[in-house]
Amino acid sequence: MATEPLSRKETEDRLAELPGWSLDGDRITRKYTLPSHVAAAALVAHVAAVQDELNHHSDLTLGYNTVALAVHTHSAGGAITEKDFELARRVEALAPAHTAGS
Ligand SMILES: C[C@H](O)[C@H](O)[C@H]1CNC2=NC(N)=NC(=O)C2=N1
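Position numbers for residues start from 1 in each chain and track the written sequence from start to end. The model is predicted, so local features are restricted to residues of pLDDT at least 70 and side-chain atom pairs to those at 80 or more, both for listing and for counting; the totals for chains, interfaces and linings are taken over all residues.

The protein chain has the name Putative pterin-4-alpha-carbinolamine dehydratase in an unreviewed UniProt entry, where Streptomyces beihaiensis is given as its organism. UniProt positions are given in the numbering used here, feature names are shortened, and annotations may be inferred rather than shown by experiment. The UniProt entry for the protein chain carries this comment under Catalytic activity (unreviewed entry): "(4aS,6R)-4a-hydroxy-L-erythro-5,6,7,8-tetrahydrobiopterin = (6R)-L-erythro-6,7-dihydrobiopterin + H2O". In UniProt, the protein chain has this text filed under Sequence similarities (unreviewed entry): "Belongs to the pterin-4-alpha-carbinolamine dehydratase family."

Right, here's the structure in full:
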């Protein structure tokens, strides 16, 4: 998986395919709302397992009924790379099973 920084246009093109995700400074971010705090914690555990699988570990924050991700690539100097979008797509794919919404 390439870890070169993506251009602004490459980033925006990929974000257009990921509703709910947006650019916040030098990271791509999304916040999910869950039906309960325990459901939110379960989503955190699931995302953490995917992060280990991909060896790509974003900030992952448990709030009250919420889970927030802020993703960039440390090894690319904090830039946004294709690895960030791979993680975002994987999280999008698993979120519906947790009834995670915007
Ligand atoms: C040694 C290991 O491959 C690196 O530390 C990985 C682990 N997880 C990571 N996560 C993120 N977000 N960026 C990285 O550059 C990164 N590098």
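Past the structure itself, the notes keep going.
S.K.: What is the right way to read unusual backbone geometry from this model?
M.R.: Note on backbone geometry: most residues besides glycine have negative phi, and most peptide bonds are trans. Of note in the backbone geometry, Asn-65 takes a positive phi value of approximately 65° without being a glycine. Helix and strand definitions follow DSSP, with helices as H or I runs of at least four residues and strands as E runs of at least two, each counted in order from the N terminus. Looking at where Asn-65 falls in the secondary structure, it is placed in the loop between β3 (59-63) and β4 (66-71). Burial is judged by counting other C-beta atoms within 10 Å of a residue's own C-beta: 20 or more means buried, 12 or fewer means exposed, and anything between counts as partly exposed, with every C-beta placed from the backbone. For Asn-65, a count of 14 C-beta atoms within 10 Å corresponds to the partly exposed category. Here the phi dihedral of Thr-99 falls at roughly 45°; this positive angle occurs in a residue that is not glycine. With respect to the helices and strands, Thr-99 occurs in the segment after α3 (82-94). For Thr-99, a count of 13 C-beta atoms within 10 Å corresponds to the partly exposed category.

S.K.: How do you make sense of the confidence of the model for the protein chain when you look at a structure like this?
M.R.: In predicted models, pLDDT denotes the confidence assigned by the predictor to each residue on a 0 to 100 scale. Chain-level statistics for the protein chain give a pLDDT mean of 96 and a share of 98% at 70 or above. We note a pTM of 0.94 for the whole complex and an ipTM of 0.86 for its interfaces.

S.K.: Please clarify how the sheet that holds β4 should be interpreted in this entry.
M.R.: The pairing of strands in a sheet comes from backbone hydrogen bonds and takes either a parallel or an antiparallel form. Pairing between strands is defined by DSSP: at least two bridges between them are needed. Taken together, the four strands give an open sheet; going across it, the order is β1-β2-β4-β3, and neighbouring strands pair in antiparallel fashion. Of all the strands in the sheet, the pair left with one neighbour each is β1 (22-24) and β3. Mean inter-strand twist for the sheet, computed between neighbouring axes without regard to direction, equals 30°. Two elements, β1 and strand β2 (residues 27-33), share three bridges in a ladder whose sense is antiparallel. For Asp-24, the partnering residue across the bridge sits in β2 and is Arg-27. Here, residue contact means that the backbone-derived C-beta atoms of the two residues sit within 7 Å. Interaxial angle, 0 to 180 degrees, is taken between N-to-C directions of lines fitted to C-alpha atoms, where a helix line uses only the stretch in contact. The sheet strands contacting α3 are β2 and β4, and the helix crosses β4 at an angle near 160°.

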